[in-house]
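# Reading the structure
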Amino acid sequence: MTVVVTGKTPPVVHKIDRSVYDLKDSAQAQTGSVGDVLNTLPSVSVSPDGSLNVRGTGSVQVLVDGKPSASYRGANLANTLQSASANGIAKVEVITNPGAEFRTNASIIINLVTKKSSGQAPAGDLVVNVGEGGRSNGSLSGSGGIGRWTFSAGLNWRHDHRMSIARTDRLVTQDDGGFGSHMNEVYRISSPFDIRVYDAGMGYAISDTDTFNLNGQVATRTRPRTTEDRIQFLDAAGKMITDSVTHGDGPQHFNSRSLTATYKHKGSHDGETLTVQARHEEDDNLQDFRFVEADTLPLLMARDYRRSRVEHPRINELSIDYIRPLGTDRQFKAGMEFEVDREAASTYSAEIDTNAGAEIVDPSQTNAFWSQQTLSAAYADYQMPLGKWTVEGGLRLESLQTQLRSTPTSPLFSTRDTEWSPSFFFSRTLSEKSKIHVSYSHRIDRPKPNQLDPTPQNLDAQDVYIGNPGLKPQQTESIEAGYDYTTKQFSFTGAIYSRQTHNSIVDYAYYRDPEDTVLVSSYENADHGAADGVSMSFDLKPKGMFRYNVSTDLYYNELEASVAGILTRHSGVSHNIKASVTFVPSRADTFQANLQLRGKALTALGSYSGVAGLDLSYSRKISPRLKLVVTAQDVLKGAHYYHRNDTPQYYDHTYAQFPSRILFVGLAYKLGAVRPSG
């Protein structure tokens, strides 16, 4: 059973295993990024630096049309959320307790459903948005068909600019418990970016029951970066020991290509389908920076050096999914999935002799990394009535082999992990207006290749990243109970949830020895983690011109981790509150205000403070084909936070700002036949 809430913006459909948000009338979806849209959804939070969090956990996987993408994982995730345009997305599915059909490598799944056109008549959409500071984004798409053939093509572009400034004070602990050296750092980043996404597709109706589709996409993402990093070290008495300023700049490229072939067969029973899909994706990522460091203390001197990293991920996947309805409220689903995920990466480090114009390679920081993850999976899921309840149970078997080589001459590291993952859903309709549901899932979040890579990566002069090849899979047990009530003018959705995690994969930082000034970042398995909370959403659509929505997520978080050999425990209560007011003075005009209040977030070493944000929008339907949209993002300039680390080795406090108050004005025009897409 599904419950449809029509008074909410964006409209939402609550299914037995997920909530589906329609972005058709979302102003943020036309002018903003994917992260901007996700920030409007209940329980979902994207921080100013691009970190994704749902119900107090960062163990979230982003899928595109139900499949993983290299652009939305690992280090690419934050960049993509901040920079990718949302106007190509039709719906967002938030799955807090994923079933057997989904991979187990995250506790929560967000599925981005892209826009898809249908029909034979030529049709298309043109969207152009212009913002202050030379910003712009938009899309052009079209589709049509002839006979058994259908064709589609599209272009999506975005030009934007982001800046940040972070001020850090760090005190290093001495053996007697007092504080030793003191570091002050001011780190500025300026990063414009340009994105072009080209896609094309064709479909052929082999028969009334069989179709074949071929879709390709090419994306180019350039994000050059300029940095300024001023670092001062003081001794225990407060006397300055060193003072340096490092300027860095260089290109960043994140390019991807993908090709997907899909065969779909409709069976003899209503709703029976067999889907076979083969997909290939490859990415080419480059980061190449040159740094010039000028020291004024203890001596006047300069240093010129280069750091670069190249990554080549490749994904090949084959999946088979079968769905067979077996009568009223009965359905059987099963499928198999095979994937080979291969990545080659190399790092380069060199000192630059400006007089000779030569680069002196540092062999200790110049190396290559290779990894391959081979996934084999199968699942089965059955839904049936049981008295007044609808019950759905699923079981998924996954086997993942991970192979990696940290240097070209190092021995091959290989491990295999095989896990069973059960899931259960119970739903009962109480009346035409209300229902209750209970769900359970067991999830396994396995380490990513970059988290296992032990190759040192110098992020800057004072920070280095080293992966941990000894990481274990993260195990999560999750249970949820909810209640939904819906009328024409009012709706309520509430849930109580509990999530227990073992071997949580957390990031942390440490000094190799007390005299070292370089902070090493890595990952480790925490002993235990927990999140217990309640989420609620109220929608009110009274007679008149106003609509109201309030959603709140209140939860208790707990995390235990071993840092520098000492067990630390962090816990606390936090929240994620969102409210929107929609004013519709006429059928053509809509005004909306969206407010977000997010509480602190725990880490293995400390916490992040909360973030507040206010977005305003206005839209007007000028004609059946033309629509005007105006959005104002971060009106209150709330994109900033405090970050605190408290470890046995050091204590630090960072204040980070992300100027992001931006005004956009956009037009959307329908070309050819006017028909819905989604």
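What you see is a predicted model, and the numbers here were worked out from it, not measured in a lab. (Residues numbered from 1 in each chain as written. Predicted model: local features only at pLDDT ≥ 70, side-chain atom pairs only at ≥ 80, totals over all residues. Heavy atoms only, no water.)

Bringing the overall build of the protein into the picture now. Within the protein, the secondary structure is distributed over 4 helices and 42 strands. Here the C-alpha atoms of the protein give a radius of gyration of 26 Å, agreeing with the 26 Å that 2.2 N^0.38 yields for 678 residues. By principal-axis analysis of the C-alpha atoms, the protein measures approximately 80 × 50 × 45 Å. By sequence separation, contacts in the protein at least 24 residues apart represent 64% of the contacts at least 6 residues apart. Taken as a whole, the protein presents about 30000 Å² of accessible surface, with 59% of it coming from carbon and sulfur. Of the side-chain charges in the protein, 69 are positive and 75 negative, and the distance between the mean point of each set is 10 Å. (Helix = DSSP H or I, 4+ residues; strand = E, 2+ residues; numbered from the N terminus. Rg over C-alpha atoms; globule rule 2.2 N^0.38 Å. Contact = heavy atoms within 4.5 Å. Areas by Shrake-Rupley, 256 points an atom, 1.4 Å probe, with all protein chains shown as cover. Lys, Arg positive; Asp, Glu negative; His and termini not counted. Charge placed at Lys NZ, Arg CZ, Asp CG, Glu CD.)

On the surface, a nonpolar cluster with roughly 630 Å² of combined accessible area is contributed by Phe 490, Phe 538, Leu 540, Met 545, Phe 546, Tyr 548, Val 550 and Val 581. Sorting elements by how many residues they give to the nonpolar patch places strand β33 (residues 546-563) first, with 3 residues. (Patch = residues over 30% accessible without salt bridge, like charges linked within 9 Å, V, L, I, M, F, W, Y side chains within 5 Å. Salt bridge = Lys/Arg side-chain N within 4 Å of Asp/Glu carboxyl O.)

Next up on the list: the packing of aromatic side chains. Counted by the stated rule, this structure contains 18 aromatic pairs. For the cation-ring pair, Arg 170 lies above Tyr 650, with the distance from its terminal atom to the ring centre recorded as 5.6 Å. A cation over an aromatic ring shows up here: Arg 225 above the ring of Phe 289, its NZ or CZ 4.4 Å from the ring centre. (Phe/Tyr/Trp six-rings, centres within 6.5 Å; stacked < 30°, edge-to-face > 60°. Lys NZ or Arg CZ within 6 Å of the ring centre and 35° of its normal.)

All right, on to unusual backbone geometry then. The amide bond that connects Leu 297 to the next residue, Pro 298, takes the cis arrangement and shows omega of 0°. Within the element layout of this structure, Pro 298 appears in the loop between β18 (273-297) and β19 (301-325). One non-glycine residue, Asn 503, lies in the positive phi region at around 55°. Here Asn 503 is to be found in the loop between β29 (490-502) and β30 (505-511). Residue Asp 634 is not a glycine yet carries a positive backbone phi of 50°. Tracing the backbone shows Asp 634 in the loop between β39 (626-633) and β40 (640-646). Accessibility expressed as a relative area gives 9% for Asp 634, which makes it buried. (Buried < 20%, exposed > 50% of the residue type's maximum accessible area, 1.4 Å probe, protein only.)

Turning our eyes to something else, we now look at the side chain of Asp 615. For Asp 615, the location among the structural elements is in strand β38 (residues 611-621). A polar contact is formed between the side chain of Asp 615 and the backbone nitrogen of Asp 634, at a distance of 2.8 Å. Other than its neighbours up to four places away in sequence, Asp 615 contacts Gln 28, Gln 592, Ala 593, Asn 594, Ala 632, Gln 633 and Asp 634. (Polar contact = N/O pair within 3.5 Å; in protein donor to acceptor, adjacent residues only side chain to side chain.)

What follows covers the pattern of salt bridges. Tallied over the entire structure, the rule returns 35 salt bridges. Asp 453 serves as the salt-bridge partner of Arg 309, at 3.4 Å between the closest nitrogen and oxygen. With a gap of 144 residues between them, Arg 309 in strand β19 and Asp 453 in the loop between α4 (449-452) and β26 (457-460) connect regions that are remote in the sequence. A relative accessible area of 0% means that Asp 453 is categorised as buried. Glu 337 is the salt-bridge partner of Arg 396, the closest N and O atoms lying 2.9 Å from each other.

Here the structure, examined in full by the defined rule, presents 9 cavities of 30 Å³ or more. If you add up the space inside the second largest cavity, you get close to 470 Å³. In terms of lining, the second largest cavity is formed by 34 residues, of which the most central are His 14, Ser 19, Arg 55, Thr 96 and Glu 480. Looking at the lining of the second largest cavity, the elements that each hand over two or more residues are β3 (19-22), β8 (89-95), β24 (413-429), β25 (434-445), β28 (474-486), β29, β32 (528-540) and β33. Here the element with the most residues in the lining of the second largest cavity is β25; it accounts for 4 residues. (1 Å grid on protein atoms, 1.4 Å probe; cavity = no way out; pocket = protein on both sides within 12 Å on 5 of 7 lines; lining within 4 Å. Points joined across faces, edges and corners; volume = space filled by probe spheres on them.)

Okay, the nonpolar core next. The biggest cluster of nonpolar side chains holds 25 residues, and the ones touching the most others in it are Leu 38, Leu 52, Val 92, Ile 110 and Leu 112. If we skip the residues at most four places from it in the chain, Val 92 touches Ser 19, Val 20, Tyr 21, Leu 23, Leu 38, Leu 41, Ile 110, Asn 111 and Leu 112. One finds Val 172, Tyr 508, Leu 519 and Leu 605 within the second-largest nonpolar core, a separate group that totals 7 residues. (Core = buried A, V, L, I, M, F, W, Y, C linked by side-chain atoms within 4.5 Å.)

What follows deals with the environment of Tyr 497. Along the chain, the position of Tyr 497 falls in strand β29. Among the residues examined, Tyr 497 registers a relative accessible area of 4% and is labelled buried. Separated by 35 residues in the primary sequence, Tyr 497 and Asp 532 have C-alpha atoms spaced 5.8 Å apart. Setting aside residues no more than four positions away along its own chain, Tyr 497 makes contact with Arg 55, Ile 479, Glu 480, Ala 531, Asp 532, Gly 533, Val 534, Ser 535, Asp 553, Leu 554 and Tyr 555. Engagement of the side chain of Tyr 497 in a polar contact is seen with the side chain of Asp 553, the distance being 2.8 Å.

Summarising burial for strand β31 (residues 519-525): 5 of the 7 residues are buried, a large majority. Sheet topology note: the strand β27 (residues 463-465)/β31 ladder contains 3 bridges and is parallel. Counterpart to Asp 463 in the pairing with β31 is Leu 519. Here 7 bridges tie β30 to β31, and the two strands are oriented antiparallel to one another. Each bridged residue has a counterpart across the sheet, and for Ala 509 the counterpart in β31 is Ser 521. (Pairing = 2+ DSSP bridges.)

Caution applies to low-pLDDT parts of the model: their predicted coordinates are not meant to be read in detail. Counting all residues, the mean pLDDT for the protein is 88, and 95% of those residues have values of 70 or more. Note that pLDDT drops below 50 for residues 1-10; the model gives that stretch 35 contacts with residues more than four away or on any other chain. (pLDDT = per-residue confidence, 0-100.)

Quick look at the side chain of Thr 262 now. Tracing the chain through its elements places Thr 262 in strand β17 (residues 252-266). Side chain to side chain, Thr 262 and Gln 277 meet in a polar contact 3.1 Å long. The residues contacting Thr 262, other than those within four sequence positions of it, are Thr 211, Phe 212, Asn 213, Thr 275, Val 276 and Gln 277.

So, on to the environment of Arg 225. Within the element layout of this structure, Arg 225 appears in strand β15 (residues 225-234). Residue Arg 225 is classed as buried on the basis of its relative accessible area of 19%. Considering only alpha carbons, one finds Arg 225 and Lys 24, 201 residues apart in sequence, at a separation of 34 Å. Beyond its immediate sequence surroundings of up to four residues, Arg 225 is in contact with Tyr 187, Ile 189, Ser 190, Ser 191, Gly 248, Asp 249, Gly 250, Gln 252 and Phe 289.

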